[in-house]
Amino acid sequence: MANTEIVESFGTIAREKGIDRDTLMGIVQEIFETMIKKKFGEEALDNFSVIVNMDKGDIEIFHERSVVENVDDTVREIDLEDALKIDSDAEVGEDVVEVVKLDSFGRRLITNAKQTLAQRIREIERDRVFNEYNDKLGELIVGEVYQIRRNEVLVSHGTSELVMPKVEQIAKDRYRKGENVRAIVKEVTRDTGNP
């Protein structure tokens, strides 16, 4: 999968959920840094740079290593023969920067990165909804009844699901699916449920 395809798929998810570009960029950068740690080890980040360009739809990962005669650490060092393949002017004692292809991380790590992004976006979305309704405590809102249960009525308000417990309902009121209902936001809890 090309870098641009990955950024586009990340961007599509973020647009659908209304996440701003800077937040998305930070998440994508963090995810790829995690991929580097998983593949090369915890200390490897000192030798890698992750550049996310949302405008061009590109992710670039650079691996910087010192050119040495005898390699002891493949994450930090490279021998002269391999360094010359990257930079024809490379010499022992210099640093060489190589562009790392995303597919070198393997399909499993890239799939994991997509899942991690989806999870982080869900967390951001839950926080946004929580904050939105927390700001409306005590306010009157209008929603549509979409499900009636024994001890509660579920109300659709925008893209959110609100719960009206039986103890908070007017005793003689009867609700029908599809009808509008007015209610006051009394309490907001975080939904930690499954996606």
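Before any of the text, the structure's been laid out above.
Residues numbered from 1 in each chain as written. Predicted model: local features only at pLDDT ≥ 70, side-chain atom pairs only at ≥ 80, totals over all residues. Heavy atoms only, no water.

## Considerations on a nonpolar patch on the surface
Here's step 1: Residues Leu80, Leu84 and Val92 make up a contiguous nonpolar surface patch of about 210 Å² in total accessible area.
Here's step 2: Inspection of the secondary structure puts leucine 84 in helix 3 (residues 80-86). (Patch = residues over 30% accessible without salt bridge, like charges linked within 9 Å, V, L, I, M, F, W, Y side chains within 5 Å. Areas by Shrake-Rupley, 256 points an atom, 1.4 Å probe, with all protein chains shown as cover. Salt bridge = Lys/Arg side-chain N within 4 Å of Asp/Glu carboxyl O. Helix = DSSP H or I, 4+ residues; strand = E, 2+ residues; numbered from the N terminus.)

## Let's talk about the sheet that holds strand 7 (residues 160-165)
Here's step 1: Read from one edge to the other, the open sheet built from four strands follows the order 7-6-5-8, with strand pairing classed as antiparallel. Where the open sheet ends on each side, the last strands, each with one partner, are strand 7 and strand 8 (180-184). Going from strand to strand, the sheet's axes swing by 50° on average, the running direction of each strand aside. (Pairing = 2+ DSSP bridges. Axes fitted to C-alpha atoms, helices over the stretch in contact; angles between N-to-C directions.)

## Digging into the side chain of histidine 63
Here's step 1: With respect to the secondary-structure elements, histidine 63 resides in strand 2 (residues 58-68).
Here's step 2: Within the local environment of histidine 63, its side chain forms a polar contact with the backbone oxygen of valine 75, the two atoms lying 2.7 Å apart.
Here's step 3: In this structure histidine 63 touches Asn47, Phe48, Thr74, Val75, Val96, Val97, Glu98 and Val100, once residues within four positions along its chain are discounted. (Polar contact = N/O pair within 3.5 Å; in protein donor to acceptor, adjacent residues only side chain to side chain. Contact = heavy atoms within 4.5 Å.)

## A closer look at the pattern of salt bridges
A side chain with one charge may pair with a side chain of the opposite charge, provided their charged atoms come close.
Here's step 1: As enumerated under the stated definition, the model contains nine salt bridges in all.
Here's step 2: Residue arginine 120 is joined to glutamate 30 by a salt bridge in which the shortest nitrogen-to-oxygen separation is 2.7 Å. Remark: glutamate 30 occurs in helix 2 (residues 21-40) and arginine 120 occurs in helix 4 (residues 106-134); sequence separation between them is 90 residues.
Here's step 3: The exposure class of arginine 120 is partly exposed, given its relative accessible area of 23%.
Here's step 4: Judged by its relative accessible area of 40%, glutamate 30 falls in the partly exposed class. (Buried < 20%, exposed > 50% of the residue type's maximum accessible area, 1.4 Å probe, protein only.)

## Description of the layout of surface pockets
Here's step 1: Volume-wise, the largest pocket comes out at about 1400 Å³.
Here's step 2: Elements supplying a minimum of two residues to the lining of the largest pocket: helix 4, strand 5 (140-148), strand 7 and strand 8.
Here's step 3: Sort the elements by how many residues they give to the lining of the largest pocket and helix 4 lands first, with seven residues.
Here's step 4: Considered class by class, the residues forming the lining of the largest pocket number 19 nonpolar, eight polar and 14 charged.
Here's step 5: For the second largest pocket, the calculated volume is near 170 Å³. (1 Å grid on protein atoms, 1.4 Å probe; cavity = no way out; pocket = protein on both sides within 12 Å on 5 of 7 lines; lining within 4 Å. Points joined across faces, edges and corners; volume = space filled by probe spheres on them. Nonpolar A, V, L, I, M, F, W, Y, C, P; charged D, E, K, R; others polar.)

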